[in-house]
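# Survey of secondary and tertiary structure
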Amino acid sequence: MSIKRDCPQCGRPMLDGAIFCLDCGSRVLADSPRDSGDRVSAGDISAHSSDAELAGLPDGAYLFVIEGLDRGRRYDLDGATALTLGRKESDISLTDPFVSRRHAEIELKEGAYVVIDQNSANCTLVNSRPVGRHTLEDGDLIEVGFSTILFRQK
């Protein structure tokens with residue numbers, strides 16, 4: 001990552017794509033096409049992931065980390081009715097230090113997957129918008145800490 005802009009809160013340099021200032025902790029939405037709230041398709045993800053990373057991803061429901069320390073990891077959701085997303089002892093465990101221990105839950109409700117923020121310190125975003133609870137659709141981007149996770153369901 002390279003330094004691209006200054007934090008609007010404290011004025012310190014920020015890393016390209018950062019959603020939090022490492023100095024003051026202020027939440028700052030990244031300048032990207034996602035900021036418009038438009039759904040991002042798998043084709044749009046190529047800027048974040050290589051073709052090799054996306055090639056051969058299976059059918060079914062899964063999460064695919066496209067940005068962050070766990071980039072390239074895939075978590076299958078098929079068959080699960082409730083999974084915790086967080087650090088360490090979670091079903092979907094990320095190494096991102098800005099992810100809470102129990103950051104969010106992914107639940108299967110009436111055939112649809114729902115992400116539910118668990119009062120995390122740094123909130124959960126879907127398509128760059130803060131959410132408490134959100135029914136996921138294919139192509140949604142879940143942001144937790146410095147990690148961006150693509151939800152796919154075929």
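Residues numbered from 1 in each chain as written. Predicted model: local features only at pLDDT ≥ 70, side-chain atom pairs only at ≥ 80, totals over all residues. Heavy atoms only, no water.

### Regarding the sheet that holds strand β11 (residues 133-135)
Our working rule: Strands are labelled as partners when DSSP assigns at least two bridges between them. Only DSSP runs of H or I with at least four residues qualify as helices, and only runs of E with at least two residues qualify as strands; both kinds are numbered from the N terminus onward. Inter-axis angles, ranging from 0 to 180 degrees, are taken between N-to-C directions of lines fitted to C-alpha atoms, where helices are fitted over the stretch in contact.
Taken together, five strands build an open sheet; the order of strands is β6-β5-β7-β8-β11 and the sheet is mixed. At either margin of the open sheet sits one strand with a lone partner, and together these are β6 (92-94) and β11. Sheet twist, expressed as the mean angle between neighbouring strand axes with direction ignored, is 15 degrees. In terms of strand pairing, strand β5 (residues 82-87) meets strand β7 (residues 104-109) through four bridges, oriented antiparallel. When the sheet's bridge partners are listed, T84 is paired in β7 with E105.

### Overview of the confidence of the model for the protein chain
Our working definition: Each residue gets a pLDDT score, which is the predictor's confidence in that residue and runs from 0 to 100. Every residue pair with non-hydrogen atoms within 4.5 Å of one another is taken to be in contact.
Mean pLDDT over the protein chain works out to 78, with 68% of the residues at or above the 70 mark. Ranking the elements of the protein chain by mean pLDDT puts helix α1 (residues 51-54) last with 46 and β11 first with 97. Confidence drops under pLDDT 50 across residues 30-55; counting only partners more than four residues distant or on other chains, this segment forms 47 contacts.

### Remarks on the packing of aromatic side chains
Think of a pair of aromatic rings as described by two things: how far the centres are apart, and how the planes are tilted against each other in angle. What counts, and what does not: Each pair of aromatic rings taken from Phe, Tyr and Trp, with Trp reduced to its six-membered ring, is defined by centres within 6.5 Å and is described as stacked if the planes are under 30 degrees apart, edge-to-face if over 60, and tilted in the remaining cases.
With the rule as written, the count across this model stands at two aromatic pairs. Measuring from centroid to centroid gives 4.6 Å for F98 and F146, while their planes differ by 85 degrees, and the two rings are edge-to-face. Of this pair, F98 sits in the loop between β6 and β7 while F146 sits in the loop between β12 (141-144) and β13 (147-153), placing them 48 residues apart in sequence.

### Observations concerning the environment of L77
Counting through the fold element by element, L77 comes out in the loop between β4 (74-76) and β5. When the C-alpha atoms of L77 and G60 are compared, they prove to be 7.9 Å apart, with 17 residues separating the residues in sequence. Every residue in contact with L77, bar those within four places of it in the chain, is listed here: A61, Y62, L63, L83, I92, I106, Y113 and F151.

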